[in-house]
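Understanding the architecture of this molecule
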Amino acid sequence: MDPLHTTQSGLPECEAAAEARRLLDEWAGKPVRQHPTSYRDDTAPPAFGTTPPVPQPDHRIVPAWAAGIAVASIGVGAGITGIGCGAWLVLQGLASVSLAGVLMVTLPFAGLAMAATAIGGAISKARTAVTKNVYEGPVTHHTEIHNNSTTRGAFFARTRNDIH
């Protein structure tokens, strides 16, 4: 056998080519497995009666958070408009200056001041510490001063006082 005309397995080249052709033909004869990527049901829906729910894909142009902010801003705008109309009615009533008009103006401010004072007082009372110091035993308090002061230095003087 000629080593130049043999394959790695020791078969002659013509036999190796025939075996390769046989394996390729055998592989090509097998069906190719395909994996479906989508499915479409072509059955017609019933003309009447109940039909099963169909998923509706969401294709919004605006994100959900932005739509929520838009709805909230519409609500805030409507609320502010109501407050503005109420203020306009109150100011129309105050156009004729009278005792009732002056009281109408000052009453909300007086109420706010009273509420602020009450809240401030409550916060002040809550912040003060409640301490009860209970001492047991004899307490001695010495306040005797003995004059043992020493001063040193001429220009920058330092004085030392001994208190007993």
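Residues numbered from 1 in each chain as written. Predicted model: local features only at pLDDT ≥ 70, side-chain atom pairs only at ≥ 80, totals over all residues. Heavy atoms only, no water.

Before going further, it helps to spend a moment on the overall build of the chain. Scanning the chain from terminus to terminus reveals 3 helices and 2 strands. In sequence order, the chain lays out its α and β elements as α-α-α-β-β. Looking at the chain as a whole, 2% of its 164 residues are labelled buried. When contacts within the chain are restricted to residue pairs at least 6 apart in sequence, long-range pairs at least 24 apart make up 0% of them. Surface exposure of the chain reaches about 16,000 Å², of which carbon and sulfur atoms provide 65%. (Helix = DSSP H or I, 4+ residues; strand = E, 2+ residues; numbered from the N terminus. Buried < 20%, exposed > 50% of the residue type's maximum accessible area, 1.4 Å probe, protein only. Contact = heavy atoms within 4.5 Å. Areas by Shrake-Rupley, 256 points an atom, 1.4 Å probe, with all protein chains shown as cover.)

The subject of this paragraph is a nonpolar patch on the surface. A cluster of nonpolar residues, Val76, Ile80 and Ile83, forms a patch on the protein surface that exposes about 320 Å² of accessible area. Take Ile83: it is sitting in helix 2 (residues 64-94). Overall, Ile83 belongs to the exposed group, its relative accessible area being 59%. (Patch = residues over 30% accessible without salt bridge, like charges linked within 9 Å, V, L, I, M, F, W, Y side chains within 5 Å. Salt bridge = Lys/Arg side-chain N within 4 Å of Asp/Glu carboxyl O.)

If you check helix 3 (residues 99-127), its first and last C-alpha atoms are 41 Å apart, about what 29 residues at 1.5 Å a residue would give, namely 42 Å. Its maximal kink placed at Thr106, helix 3 deviates by approximately 30°, while the proline Pro108 follows within four residues. (Expected span 1.5 Å × (residues − 1). Bend = angle between axes of the 7 residues up to and from the residue.)

Moving on, we come to the pattern of salt bridges. Within this structure, the stated rule accounts for 4 salt bridges. Between Arg22 and Glu26 there is a salt bridge; the shortest N-O distance is 3.2 Å. Residue Arg22 and its partner Glu26 are located together in helix 1 (residues 13-29), separated by 4 residues, close to a single helical turn. A relative accessible area of 42% places Arg22 in the partly exposed class.

On to the confidence of the model for the chain, then. Of all residues in the chain, 83% have pLDDT values of 70 or greater, and the mean over the chain is 78. Here strand 1 (residues 150-152) stands out as the element of the chain with the lowest mean pLDDT, 71, in contrast to helix 1, whose mean of 88 is the highest. (pLDDT = per-residue confidence, 0-100.)

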